[in-house]
Structure formats: C-alpha cells, structure tokens
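Structure at a glance
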Protein chains: 2
Amino acid sequence: MKLTDTTRKFILHWGEMGTRWGINRSVAQIHALLYVSPAPLTAEEIAETLDIARSNVSGSLRELQGWNLVRTAHLLGDRRDHFETTKDPWTMLRIVMEGRRRRELDPSVQMLRECVAELDEKKADEAYTEKRLVELLELTELAASWCERAQKLSPEALRRLLKLGDKIFKLVE
Amino acid sequence: MKLTDTTRKFILHWGEMGTRWGINRSVAQIHALLYVSPAPLTAEEIAETLDIARSNVSGSLRELQGWNLVRTAHLLGDRRDHFETTKDPWTMLRIVMEGRRRRELDPSVQMLRECVAELDEKKADEAYTEKRLVELLELTELAASWCERAQKLSPEALRRLLKLGDKIFKLVE
DNA sequence: CAGACATTTCAGTAAAGACTGAAAAAACGG
DNA sequence: CCGTTTTTTCAGTCTTTACTGAAATGTCTG
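Scope of this entry: the structure provided in the associated data block.

The rules we used
- Residues numbered from 1 in each chain as written.
- Chains lettered and ligands numbered in written order.
- Predicted model: local features only at pLDDT ≥ 70, side-chain atom pairs only at ≥ 80, totals over all residues.
- Least-squares fit on C-alpha atoms with pLDDT ≥ 70 in both.
- Near = placed C-beta within 6 Å.
- Helix = DSSP H or I, 4+ residues; strand = E, 2+ residues; numbered from the N terminus.
- Nonpolar A, V, L, I, M, F, W, Y, C, P; charged D, E, K, R; others polar.
- Expected span 1.5 Å × (residues − 1).
- Buried ≥ 20, exposed ≤ 12 C-beta atoms within 10 Å, placed from the backbone.
- Arc of directions from axis to C-beta.
- Pairing = 2+ DSSP bridges.
- Contact = placed C-beta atoms within 7 Å.

Structural notes on the relation of the copies chain A and chain B
After a rotation of 180° and a shift along the axis of 0.0 Å, chain A superposes on chain B with an RMSD of 0.1 Å. Those values place the two copies in the arrangement expected of a two-fold rotation axis.

Overview of the protein's contact with DNA strand C
The environment of DNA strand C is made up of 19 residues, and the closest members are Ser55(A), Asp81(A), Ser26(B), Ala53(B) and Ser55(B). Looking at the surface near DNA strand C, the elements that each hand over two or more residues are helix 3 (43–50), helix 4 (54–66) and strand 3 (78–85) of chain A together with helix 2 (25–36) and helix 4 (54–66) of chain B. Here the surface near DNA strand C is composed, by residue class, of 3 nonpolar, 9 polar and 7 charged.

Some remarks on helix 4 of chain B
Residues and elements named next belong to chain B. Under the 1.5 Å per step criterion, the end-to-end length of helix 4 is 19 Å for 13 residues, consistent within 8% with the ideal 18 Å. By the burial criterion, the buried members of helix 4 are Val57, Ser60, Leu61 and Leu64. Along the axis of helix 4, the buried positions cluster into a sector of 105°, meaning they face one direction only. Away from the buried face of helix 4 by more than 90 degrees, exposed residues Ser55, Arg62 and Gly66 are located. One or two residues past the end of helix 4 sits asparagine 68, with phi positive at roughly 65°.

Some remarks on the sheet that holds strand 3 of chain A
All names here are of chain A. Across the sheet, 3 strands lie side by side as 1-3-2; this open sheet has antiparallel pairing. Both outer strands of the open sheet, strand 1 (41–42) and strand 2 (70–75), are each paired with one neighbouring strand and no more. Pairing geometry for strand 2 and strand 3, over 5 bridges, is antiparallel. Its bridge partner being in strand 3, valine 70 is matched across the sheet by threonine 85.

Observations regarding the interface of chain A and chain B
Contacts between the two partners involve 49 residues from chain A, matched on the other side by 49 residues from chain B. Where the side of chain A that touches chain B is concerned, the elements lending two or more residues are helix 1 (5–20), helix 2 (25–36), helix 5 (89–122), helix 6 (127–152), helix 7 (155–163) and helix 8 (165–172) of chain A. A total of 11 residues in the side of chain A that touches chain B trace back to one element, the largest contributor, which is helix 6 of chain A. Classifying every residue of the side of chain A that touches chain B gives 27 nonpolar, 10 polar and 12 charged.

The following block contains the structure:
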C-alpha cells in the first residue's frame, strides 16, 4: 500500500497528536492509517506502509483492540487477520471517553475518596487540603458521569449533543 | 515543608495521571503540591518537598505558567518568587480546555482543512479518504468550539453546565 | 500430523524524554 | 556599581519507553 502525500501528512500529524495525549506514536499512526483505509489491512501491510517492525504492529494492534477501536475482519480464502477500525468519529469519541473514564477518571475518583476519608479521620489542621480535594473530587465525579452517559448515547445523539453547543451554553450563562 | 501520607499519595497519583495525559510527571506533581498548599511556595521549598532538582522545578514552573495555571506571588521583605496555583477546579478545567484547544485542536483543524483541500483538487480515487477526513474535521471543529465557549463561562456557570448532565442528555436521546 | 503460513513473545538495542549540577545571568540592596 | 541572593540555562547523564529481529508458539490445510 502506497501512501499519498496528503495521507502521509494526516498520519504523521495524528501520530504527533497521539503523543501529546499520552498515546504511543505508532499506535496512533496505525489507527490513522486504518481510519482512512477503504479496506481492512493485514499487519504485514501496515508494517510495510508505515515502515515499522512487524512485531511493533502486532503489539500496537493489540493495544488498539484493548481500546475497542480496532477489530479483525476475515476474507474468504485468506487466513491472515485483516484489521479495521471504527469509521464513525462519533463512535470513536464515545469509545475513547469510555476508555479514559475506566483507566483514569474512575481510579482518580477512588483515590480522592480515600484521601478525603483519611483526612476526615484526622480532623487535624488539614482542613484546607481536605477542602481542595473535596472540590476536585466533585469535578472528577461529574466528568466520569458525563463519560458514562455519553457511552450510552447513539453516535447520532452524541453528534446532536455537540451541535447543540450554543443553546446549551446559553442555559447556564 | 513536610508532606503527610495522604498528601503524598495525592501528589504521586496526580503525577501519574499527568503522564497518561501527556503531562510531564514533575510538572503534574508540582501542580498538585501547589494545589493543596495553603500558602504560595518558593521554588526552593518545592524542590525540597518533592526531592527534585532546583533547576527542574524552575523549568516545570515555567511550563505551568505557560498554561496559565501558576503565577507568582510576592511577600513583603522577601525577594524570592513564591508560586501559587488556581484553587478552583472549574477554573482549572476552563484553563486546561483552552490550552488544549490552542495547542492541539486548532492545529488539527488546520491540518485537516489543508488535507481536505488537497484531496479536493485531485478529484481522484481518494474520495473515500476525503470523506473520512471531512467527518473527522467536523468533530474536531465542534470540540474546539466547545472549548472556546467554555473558556468564556464563569467557573460557576461551567459547574452548573456539568451538573445539568442528566437533563442535557435527555434532550438528545 | 507434517508442513506452511501467521502471530506473538522477548531479550537486547535504540531513541526519546526527563533530570541534574555547575555555571552564567539576572535581580536586588546597600 | 559591588557583593549577594535568586533564577535560568545548558551540556551531559540517567531513566524510561519504544522498537526491533530472531525465535517460539499458534493455527490452519491437505
């Protein structure tokens, strides 16, 4: 598979953005490639196209599958795995929010609750710190619940929600 | 400055979360420390408390200032800089969203527009890729505009918005 | 079940990123 | 201005993370 200049530009940028959000560059690049590929690709093709080692592709695909962003497809008469990704950005957003919640928000909520509980017992001169953590806990819990709810929306509903922007913001101004 | 077990736990966790979101661990730890500190701290104090090099603190503080999350405060009779952070999580959220928009969303919007324009000219067999990029562009633009609008809300309004969760989600179901 | 093809594992290597300490620069007071 | 204190810069080092290629494992077919 040969990349055009434009596609290469997209893939490289996506990889770069990945690193800024804590995603491994190769993982993000593979995701970008699959996203614009009209047909599912084999690991071999991915490795050649992006010029990275076959084994690296294997691990990265596994990670993407862990995020539920990539799945295998099979062609009759070919026993190699072919990989494809979700093509709808709204579904992608939903999946990523859910993953982030599970991996980062939920553990943070738990940690903050523990910290608050510990400070509560002491009743010491830590009232200030406790107040800070309680406030942060509120925000973290709300963020987690948004992710959870978004998870349950259809892609179309999520899109409608984001497009409702102006009206929603006026509600609270 | 001596850390209690609970505070240390919070700071370490926050540092860890930072790395998962593409933030340097020391930077996130310093931010966490300032967040729970009742009074502004000098770079020296931060270095001692977290046991990291003075120069590392210097650079990390500069980065936090670049995010507008930290500013200097001065005490009469002391010419050292003292550093403090925003104490309100809602303001923090606003600031972080704005920073992410500027650094990541806006450049991505620009890149996607360029890519779409390039593919448009060709009119070639790249229709599929173009469609994918147009859809992704829509989402990225919407995300950027949400960040922009959130930026303009007061912390209280932003809090109200997030707390409106259930009602908002019902609107689009 | 043998042979071919496909995938994963893993130990070693390479690259990136973070951190340090020494030295330079800047800021301030007398 | 000079000496002192504080901050920043930067080259080198260290740590972590990512990546590779060879070998092992797994899977399918005839």
